[in-house]
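Architecture and fold: a report
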Amino acid sequence: MHIETKCIQEGYKPKNGEARVLPVYQSTTFKYDSSEYMGKLFDLEEDGFFYTRLANPTASCVEDKIASLEGGVGAMMTSSGQAASLMSVTNIAGSGDHIVCSSAVYGGTFNLFAVTLKKLGIEVTFINPDSTAEEITAAIKENTKAVFGETIANPALNVLDIEKFAAAAHSKNIPLIVDNTFATPILCRPIEFGADIVVHSTSKYMDGHAVALGGVVVDSGNFDWAASGKFPEFTQPDDSYHGVVYTEKFKNAAYIVKARVQLMRDLGSTPAPQNAFLLNLGLETLHLRMPKHSENALAVARFLENDDRVAWVNYPGLESNKYYSIAKKYLPDGASGVISFGVKGGYKAANATLNGLKTAAIVTHVADCRTCALHPASSTHRQLTEKQLEECGISADLIRFSVGIENAGDLIADLDQALANAVK
Ligand SMILES: *Cc1c(COP(=O)(O)O)cnc(C)c1O
C-alpha cells in the first residue's frame, strides 16, 4: 500500500456486517465469559482488551494505522504529546541515567527534560542541533540511554540530520528518538533514516483540525535491546508480570509492549476513545493536507522574502535557508507549514502586524488547517527579558506563522494589508 491508501485503509478492518466507519468504543471495560481467560489477559498470555487505561479497541485501530504510516511494528497513543515524549524516555531511562537532546526542541519538551526529568533523576545534556558526529558521540556517556531530536524543530525550524544522529547513537549502542510532529509521516519517515523510536504530538497536523489533544509513541522494532547490553529491564524478568522477559516474549515489539504494560498501566496518560476517533478522521486526510500546507507555506515564504517591510524569513523550503539542502534530503515533498519571520520596526511593528491580520487568527496553537499567527515576545514569552529572548533564539520582531490550507493568495493579501498598516 502507498501512504495515501494507508491513511484511509489501515487500522480498522471491519468484518462482515460490522460498522464501515471506526466505532467509538466508549467503554472503560470489557466482558469475558470466564475468569480463566481474563487471567491470561492479565498475564499477557492472550491478546485482548480489559480496561481502557491499558488499551481500547478504537485507540488500538488508530495505533495500528500510525504504526503503519511510520513503518513501525507498534504504537501507543497517549493523552498528549507531552505524555508521549515523557514515556518514550522513561521507558528506557530511570534515576541515575542520562539523555542527550538537541537544543532545538519544542519548549514543552525542553522544560520536561531540563526540569521534570531532572527531578526524577534523569540528567539531560542539550547539544547544538548542528553538532558533528564526533560532538554527538562526545556527549554520550556511560549512563546515556538515548539521543533525542525533532525532525523540524518547533519553533526554530532547524531540520535534523537524522542519519548522522542515528549513526552516532548506534555507535554507542543506544537508540535515537525523533519527534516527528511537524513533518508527519507524509513528509518524512524518520525510521527509514535510522530513527528507532518516533514520537508525535498528534494535536498538531495529524489531528489537523485542532479538536483533540493527543500523542503517540511508535516503535521501529529495529533496535536490539538485548545486544546493546545497556537495558537490563528488557532482558531481565519483570516481577510485576510473573517474570516476563520482554525481549524474549515480545521480540522486536519489546519496547512498545513494555511502554504500555508498565508505563501506561502505572501512569495512565490514556487517550479518550472519542479523541482517538477524531484523530482517525484527521489521519484520513493527512496525505491531502500536508502537501497543501507545504505549498502554501512556500508561497507565503517567497512573498515575505521579496518584501521590503520584512527583515528576515526562516523556512527550510526556501533556497536561501541554512537547512535547504538537508530539507531536500529529508523532506523532498515539502517542508511543512510553519514559517517564522521578522518585520522591520521590531517589537512594535510585529505586534501591530499581528493585530492587523484579518484571516489569520492569533492563537497559541500551530499546525492545523486554519492559518494562525503568534508574536512570542508579547505573548508566550512575554515574561522574558530582551537578553533571555535572545538566548532562546526569539527576537523581538519574530512572528510565527502557521500556514493553513486556505487559498495562498488570500493569505498573502492578508499579510500584505497587515504589513502596510504596521510597517511604515
Ligand atoms: C505541541 C508539541 C508537543 C507537545 O504536544 P501536546 O500535544 O501539546 O502535549 C511536542 N512536540 C512538538 C514538536 C510539539 O509541537
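Report on the accompanying structure. (Residues numbered from 1 in each chain as written. Predicted model: local features only at pLDDT ≥ 70, side-chain atom pairs only at ≥ 80, totals over all residues. Heavy atoms only, no water.)

**Looking at the site of the ligand**
Residues in close proximity to the ligand total 13 residues, the closest being Gly-81, Asp-179, Ser-201, Ser-203 and Lys-204. The separation between an oxygen atom of the ligand and a polar main-chain atom of Gly-81 is 2.9 Å. Residue Gln-82 places a main-chain N or O atom 2.9 Å away from an oxygen atom belonging to the ligand. For the ligand, the protein covers 93% of the area, taking 380 Å² as the surface of the free molecule. For the shell around the ligand, the per-class residue count stands at two nonpolar, eight polar and three charged. (Near = heavy atom within 4 Å. Polar contact = N/O pair within 3.5 Å; in protein donor to acceptor, adjacent residues only side chain to side chain. Areas by Shrake-Rupley, 256 points an atom, 1.4 Å probe, with all protein chains shown as cover. Nonpolar A, V, L, I, M, F, W, Y, C, P; charged D, E, K, R; others polar.)

**Here we look at the side chain of Asp-414**
Residue position: Asp-414 is located in helix α18 (residues 408-422). No salt bridge is formed by the buried Asp-414, whose closest oppositely charged neighbour, Lys-358, lies at an N-O distance of 6.5 Å. There is a polar contact of 2.9 Å between the side chain of Asp-414 and the side chain of Gln-417. Not counting chain neighbours up to four residues away, the residues in contact with Asp-414 comprise Gly-356, Leu-357, Lys-358, Thr-359 and Ala-360. (Helix = DSSP H or I, 4+ residues; strand = E, 2+ residues; numbered from the N terminus. Buried < 20%, exposed > 50% of the residue type's maximum accessible area, 1.4 Å probe, protein only. Lys, Arg positive; Asp, Glu negative; His and termini not counted. Salt bridge = Lys/Arg side-chain N within 4 Å of Asp/Glu carboxyl O. Contact = heavy atoms within 4.5 Å.)

**Some points on the sheet that holds strand β9 (residues 338-343)**
A sheet is described by the order of its strands in space; here five strands give the open sequence β8-β9-β12-β11-β10, paired in mixed fashion. Of all strands in the sheet, those with a lone pairing partner are β8 (310-314) and β10 (361-362), marking the two edges. Both strand β11 (residues 372-374) and strand β12 (residues 398-402) contribute to a ladder of three bridges, which runs antiparallel. Pairing of Cys-372 across the sheet is with Ser-402, part of β12. In this fold helix α14 (residues 286-305) packs onto β8, β9 and β12, with an angle of close to 15 degrees to the strand it touches most, β9. (Pairing = 2+ DSSP bridges. Axes fitted to C-alpha atoms, helices over the stretch in contact; angles between N-to-C directions.)

**Remarks on the environment of Ser-27**
Looking at the element boundaries, Ser-27 is found in the loop between α1 (3-9) and α2 (35-42). Residues Ser-27 and Ser-85, 58 residues apart in the sequence, show an inter-C-alpha distance of 27 Å. Sequence-distant contacts of Ser-27, that is, excluding residues within four places in its chain, are made with Thr-52 and Asn-56.

**Remarks on the packing of aromatic side chains**
Tallied over the full model, the rule gives 16 aromatic pairs. Where Trp-225 meets Phe-234, the ring centres are 4.5 Å apart and the plane angle is 10 degrees; that geometry is what we call stacked. Across the pair, Phe-234 and Trp-225 agree in class, each one buried. Among the aromatic residues, ring-to-ring pairing joins Phe-223, Trp-225, Phe-231, Phe-234 and Tyr-255 into one connected group. Positioned over the ring face of Phe-231 is Lys-145, at 5.7 Å from the centre of the ring. (Phe/Tyr/Trp six-rings, centres within 6.5 Å; stacked < 30°, edge-to-face > 60°. Lys NZ or Arg CZ within 6 Å of the ring centre and 35° of its normal.)

**Quick notes on the environment of Ala-373**
Its place among the elements puts Ala-373 in strand β11. Linking Ala-373 and Ile-362, residues 11 residues apart in sequence, is a C-alpha distance of 5.0 Å.

**Considerations on the pairing of strand β5 (residues 176-179)**
Neither face of β5 is exposed, since Leu-176 and Val-178 on one face and Ile-177 and Asp-179 on the opposite face are all buried. Considered for its hand, the β-α-β crossover made up of strand β4 (residues 144-150), helix α7 (residues 162-171) and β5 is right-handed. (Right-handed = clockwise from strand over helix to strand, strands pointing away.)

**Observations concerning the sheet that holds strand β2 (residues 98-102)**
Strands sit in the order β1-β7-β6-β5-β4-β2-β3 across an open sheet of seven strands; the sheet is mixed. Only two strands of the sheet have a single partner each, and these edge strands are β1 (74-78) and β3 (123-127). Here the average twist between neighbouring strands, direction ignored, is 20 degrees. Bridge count between β4 and β5: four bridges; the pairing is parallel. Each bridged residue has a counterpart across the sheet, and for Glu-150 the counterpart in β5 is Asp-179.

**Describing the packing of α14 against α18**
Across the interface, α14 lies against α18 with an axial gap of 9 Å and an inter-helix angle of 30 degrees. As judged from the angle between their axes, α14 and α18 are roughly parallel. Crossing of α14 over α18 shows right-handed handedness. The segment α14 lies against α18, with Asn-296, Ala-299, Val-300, Phe-303 and Leu-304 engaging Ala-408, Leu-411, Ile-412, Leu-415, Asp-416 and Leu-419. Its residues assigned to classes, the contact of α14 with α18 comprises nine nonpolar, one polar and one charged. (Parallel < 35°, antiparallel > 145°, perpendicular 65-115°, else oblique. Left-handed = near helix turned anticlockwise from the far one by under 90°.)

**Quick notes on unusual backbone geometry**
Here the residue pair Asn-154 and Pro-155 is connected by a cis peptide bond, since its omega of 5 degrees sits within 30 degrees of zero. Within the fold, Pro-155 resides in the loop between β4 and α7. The phi angle at Ala-210 is positive, at roughly 55 degrees, despite the residue not being glycine. Tracing the sequence through the fold places Ala-210 in the loop between β6 (197-201) and β7 (215-219). Under the relative-accessibility criterion, Ala-210 is labelled partly exposed at 41%.

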